[in-house]
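Descriptive analysis of the structure
Take a look at the letters that make up each chain.
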Amino acid sequence: MMGFVWVCGTLLVALVCQSHSYSVREPLGRFKRYQEASWSDPNDCSRLRQPVIQSNPHNVTLDIRMPGVIPAASDTYLCMAVPVPTQREAYIVDFVPHATMDTAHHMLLYGCKTPVSTKGYWDCGTEMGTCEDEAKIMYAWARNAPPTKLPRDVGFKVGGDTHITHFVLQLHYGDISAFKDHHRDCSGLTLTMTSKPQPFIAGIYLMMSVDSVILPGKRVTNADIACSYDSFAMHPFAFRTHTHHLGQVVSGYRIRDGKWTLIGRQSPQLPQAFYPVANSVSVEYGDTLAARCVFTGEGRTTKTRIGGTSDDEMCNFYIMYYMESKHAEPYMDCMEHGPTELFRNIPAEANVPIPVSPDHMMMSMTHGGHSTDHQDDTGLLEPKRSEADDAQGAHLEEVLGWPEEPLPLGQVSGLALDSDENLVIFHRGDHTWDYDTFDRQERYMERSLGPIRQPTILVVDPAKGKVLRRSGRDMFHMPHGITMDKDNNYWVTDVALHQVMKLSGDGKDTRLVVLGQAFVPGSDVEHFCKPTDVAVDPLTGSVFVSDGYCNRRIMKFSPQGTFLKQWGAGPTGRKKPVPFLIPHSLTFLPDRRQVCVADRENARIQCFLAETGEYITEIKNEAFGKAIFALTYLPEPLGGLFYVINGESAPLKGFIVDYSTHAILDTFSPDTQKFLMPHDLVVNRNGTVFVGDVDTQSVTKFAPGGKAEHRSVKKGGLVQEIQQIEETETIVEARLKPIPPREPVPSIPKIAAPPPSPPKQETQKQKPVVQEVQKEKEKEKEKEEKSAAAQGSQGVSPGLITTLLLIPLAVLVVGGFVCWKRGRNYGDDYEVKLDPNSSTGILGKLRGKAAGTLNLGNFFASRQGYTRQGFDPISNEDSDQEKDDEDATDSENEEYAAPPLPPISSS
């Protein structure tokens with residue numbers, strides 16, 4: 001018996017020590033477990049994923065995410081490294097960020113050969129930095145800025161002879177107030193890489209002032225940078241400006257033969273994105289590159305120098321360019337102060353501040369957990385919240401008493417806004433769509449009724465709902481979708497006519513373009529079958545048609561109506577894409593050059609490049625219910641938000657969805673007359689929304705009112721009640737282990753399971769029953785213990801029992817001491833929190849030790865008198881590539897359409 005107890009005790013101690021040893025010596029094992037997890041939203045850390053997915057023989061996607069961290073202090077920089085998935089040459093051709101400025105201040109991706117650590121994540125805001133060797137900036141994102149797509153045949157080269165074998169993801173958490181509820185952050189990005197050699201290699205040229213001083217109270221201070229270009233020809237295609245709060249305008253130029261050619265000019269107080277270059281310009285050997293930052297010192301009482309914190313300033317002009325592959329030099333910089341004589345000839349525009357109106361301002365920048373605005377900085381171009389930005393943080397509420405007088409409406413099928421933001425309503429007058437409207441061949445069966453006699457297009461004052469103009473009389477049989485082009489012409493669809501028309505917006509109902517054959521459904525390029533909606537590219541005038549109830553396609557036409565191309569649904573992670581099931585509503589994204597469709601019965605949004613029809617992304621959420629009827633878009637820099645109306649669900653409601661994160665930020669619905677069949681919606685630049693309802697034959701107005709109750713990006717969308725549960729491995733703070741000088745191995749936290757659903761509350765009748773059951777169980781347990789004690793006392797002496805109990809206890813004590821001693825040697829029990837006041841600061845975040853490396857962190861740290869922290873680098877944003885593989889489900893059409901025909905082949 002005693003031998004058996006000794007064996008059990010020994011095995012138990014061995015298991016405890018082995019488990020403890022693994023947790024100390026093998027953090028890589030936990031890192032691998034992190035790699036097996038995925039998150040569809042920046043802060044949803046619960047879904048499984050594959051870090052590397054090969055979409056075809058040449059392309060792979062690599063998902064890089066923070067492993068559910070909780071920064072413990074503001075201005076925290078956390079980094080993690082992942083290997084490049086191939087040793088051969090590869091080319092990054094797309095970046096998709098998964099982050100929100102509510103959580104992350106900015107995000108950077110570096111490439112290098114020797115990261116500080118390859119196991120887990122670490123505090124890279126200390127002297128450790130990012131890489132032991134040269135760290136190259138490859139991508140950056142900040143402030144929800146709009147994305148920059150790389151041109152065709154252009155990519156960032158990695159692997160092979162580039163010495164880039166690892167990616168290092170750096171997240172700067174400026175203000176950690178978003179983490180008060182201890183949610184975990186999984187921000188990151190997805191890379192699309194190809195093994196096909198790209199003819200052109202992308203690179204970044206950084207122009208940066210390093211010694212400018214802004215005098216207090218001085219109205220204008222210029223920081224000038226200029227360098228002679230001495231490499232092969234490069235072709236800028238995007239630029240980005242960066243200062244802190246005192247910067248008013250930043251301009252960059254190429255100088256050739258004394259002529260200044262503008263590359264880019266922008267206010268750094270706007271979203272700090274990469275914007276397209278102003279001119280098609282190349283930079284060749286012997287040219288000069290020059291940049292000027294204009295600052296004001298008004299409101300400051302001390303000198304302001306170049307540095308990394310919010311109290312300092314920066315003057316950066318970034319050029320994103322491409323070069324021929326055989327001559328490519330992907331990373332260059334210029335930090336020379338330009339001669340005064342040279343800048344006497346700078347164009348006058350470089351000295352003119354760009355006004356930042358509320359309509360073009362994103363959000364006041366915060367840094368380090370507090371606002372960087374200075375109360376005494378009067379007259380400066382300080383960031384201000386725009387009306388649209390206020391709308392993002394405000395819940396949409398129904399405007400009661402609108403319209404002031406009843407509108408003469410039938411079934412409201414379409415809404416639009418003209419250039420003056422007047423509301424345009426497209427309705428069906430006395431015609432209705434019911435079971436007998438179409439036959440099984442989709443032919444209109446009520447032609448004998450003639451066209452609608454009432455005016456079907458009403459232009460309405462959005463403030464009071466007063467009708468300003470009427471048109472569209474005796475023209476339509478069954479109106480559906482409407483949109484406006486830049487010249488205020490109407491583009492409409494009629495499902496009875498199976499036609500798309502362009503009408504003059506002067507009220508004369510002049511048919512400028514007619515597409516399709518009246519009353520003849522079809523599936524070729526000259527016919528439609530109940531087309532649903534139209535979107536127009538304001539830049540090129542190209543026309544996109546969703547076709548529709550019986551065809552499953554999007555068609556593209558020239559402004560004159562010439563057919564250009566068509567396409568169907570995009571990939572959804574399956575071998576065969578799920579086809580559209582009534583592409584019902586279209587919207588154009590001018591800031592992203594995309595057209596997006598509400599795929600009604602699949603309850604999803606899909607987006608495509610306007611130029612090529614290439615699939616970009618899909619947004620699908622269970623909260624949408626069984627159908628999405630309509631969507632519209634508030635573009636950057638105002639919002640970057642979708643406004644969506646669902647259907648076939650209870651209750652019916654509208655959703656505000658973040659394009660970048662796919663998170664549902666808020667929902668809205670009327671307080672008076674409930675939605676019955678909301679069919680279309682529009683949003684103006686101030687965030688006011690109008691929703692048209694087919695069944696109630698009305699339009700409801702919503703305006704930003706109280707604080708949004710559902711806006712919680714950090715929870716991945718809709719608010720969820722956070723349950724406080726005790727788990728031994730749940731992370732409540734980002735704890736980093738002390739890292740040895742030579743080979744840092746930080747601790748890797750294990751991802752905590754999501755909180756369980758809250759238990760149902762007991763009713764008053766249930767409580768006595770539960771208490772009675774508990775009492776009965778306690779009585780039975782006491783009886784069993786007494787019975788066991790009685791049986792033991794009969795066969796075993798008290799002395800033997802005591803001995804058997806003490807022996808394993810002593811073994812456990814000794815074993816525990818051994819495990820504790822070993823843990824001390826590995827440092828597993830010594831945990832430190834991130835200290836925002838640490839003297840080392842955030843100076844090592846761009847660390848690179850190789851000669852010739854551009855190391856902004858160490859550079860600032862090495863400047864005489866510089867002891868500041870923090871750095872707000874480059875920003876970029878792209879679209880999120882996540883997909884939902886759920887099967888499409890059929891549901892009843894709101895307008896009694898016959899089942900869709902089989903999908904047609906594209907031509």
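What counts, and where the lines are drawn
- Residues numbered from 1 in each chain as written.
- Predicted model: local features only at pLDDT ≥ 70, side-chain atom pairs only at ≥ 80, totals over all residues.
- Heavy atoms only, no water.
- Salt bridge = Lys/Arg side-chain N within 4 Å of Asp/Glu carboxyl O.
- Helix = DSSP H or I, 4+ residues; strand = E, 2+ residues; numbered from the N terminus.
- Buried < 20%, exposed > 50% of the residue type's maximum accessible area, 1.4 Å probe, protein only.
- Pairing = 2+ DSSP bridges.
- pLDDT = per-residue confidence, 0-100.
- Contact = heavy atoms within 4.5 Å.
- Disulfide = S-S within 2.5 Å.
- Axes fitted to C-alpha atoms, helices over the stretch in contact; angles between N-to-C directions.
- Phe/Tyr/Trp six-rings, centres within 6.5 Å; stacked < 30°, edge-to-face > 60°.
- Lys NZ or Arg CZ within 6 Å of the ring centre and 35° of its normal.

A few words now on the pattern of salt bridges. Scanning the entire structure with this criterion turns up 17 salt bridges. The salt bridge involving R469 is made with D418; its shortest N-O contact spans 3.9 Å. Within this pair, whereas R469 is found in strand β30 (residues 467-471), its partner D418 is found in the loop between β27 (412-417) and β28 (423-427), the two being separated by 51 residues in sequence. Through salt bridges with shared partners, one network takes in E89, K157 and D161.

The subject of this paragraph is the pairing of strand β12 (residues 188-194). In terms of residue burial, β12 counts as a mostly covered element, since seven of its seven residues are buried. Residues G188, T190, T192 and T194 point to one face of β12 and L189, L191 and M193 to the other, with burial holding for every one of them. With seven bridges joining them, strand β4 (residues 59-65) and β12 adopt antiparallel strand pairing. Among the inter-strand pairings, D63 is bridged to a residue of β12, identified as T190. In this sheet, β12 lies alongside strand β6 (residues 90-98) in antiparallel orientation, the contact comprising seven bridges. By the bridge assignment for β12, D94 is matched with T192.

Our next topic: the confidence of the model for the protein. Any residue range with low pLDDT should be treated as having predicted coordinates unsuitable for detailed reading. With 65% of its residues at a pLDDT of at least 70, the protein reaches an overall mean of 75. Predicted confidence is poor over residues 821-907, with pLDDT under 50, and the contacts of this stretch with residues over four places away or in other chains come to 298 contacts.

Before going further, it helps to spend a moment on the state of the cysteines. If you walk through the whole model with that rule in mind, you get six disulfides. The disulfide bridge from C596 ends at C607, spanning 2.1 Å between sulfur atoms. An S-S torsion of about 110° defines the bridge between C596 and C607 as right-handed. Linking C596 in strand β40 (residues 594-599) with C607 in strand β41 (residues 604-609), this pair joins segments that are 11 residues apart in sequence. Note on C596: relative accessible area 0%, which makes it buried.

This part takes up the pairing of strand β44 (residues 641-647). A large share of β44 lies buried, amounting to seven of its seven residues. Judged by which residues are buried, β44 turns out to be covered on both faces: L641, Y643, I645 and G647 on one side and F642, V644 and N646 on the other are all buried. Pairing geometry for strand β43 (residues 627-634) and β44, over seven bridges, is antiparallel. The partner of I628 across the bridge, within β44, is N646. With five bridges joining them, β44 and strand β45 (residues 654-658) adopt antiparallel strand pairing. When the bridges of β45 are listed, L641 appears paired with D658.

Attention shifts here to the sheet that holds strand β11 (residues 166-173). One open sheet accounts for five strands, arranged β8-β5-β11-β7-β9; its pairing is antiparallel. Of all strands in the sheet, those bounded by a partner on one side alone are β8 (121-123) and β9 (136-142). Sheet twist, expressed as the average angle between the axes of neighbouring strands with direction ignored, equals 20°. As judged from the seven bridges shared by strand β7 (residues 106-112) and β11, these two strands associate in the antiparallel manner. Note that in β11 the partner of L109 across the bridge is L169.

With that settled, the discussion passes to the packing of aromatic side chains. Under the counting rule described, the total for this entry stands at 28 aromatic pairs. When the ring of Y633 is compared with that of F642, the centres are 5.4 Å apart and the planes differ by 55°; the resulting orientation is tilted. As far as burial versus exposure is concerned, Y633 and F642 are alike and both buried. Within the aromatic cluster, the residues linked to one another by ring pairs are F544, W567, F580, F588, F608 and Y615. Lying over the aromatic face of F519, R447 brings its terminal NZ or CZ to 3.9 Å of the ring centre. The positively charged end of K530 is found above the aromatic ring belonging to F438, 4.3 Å away from the centroid.

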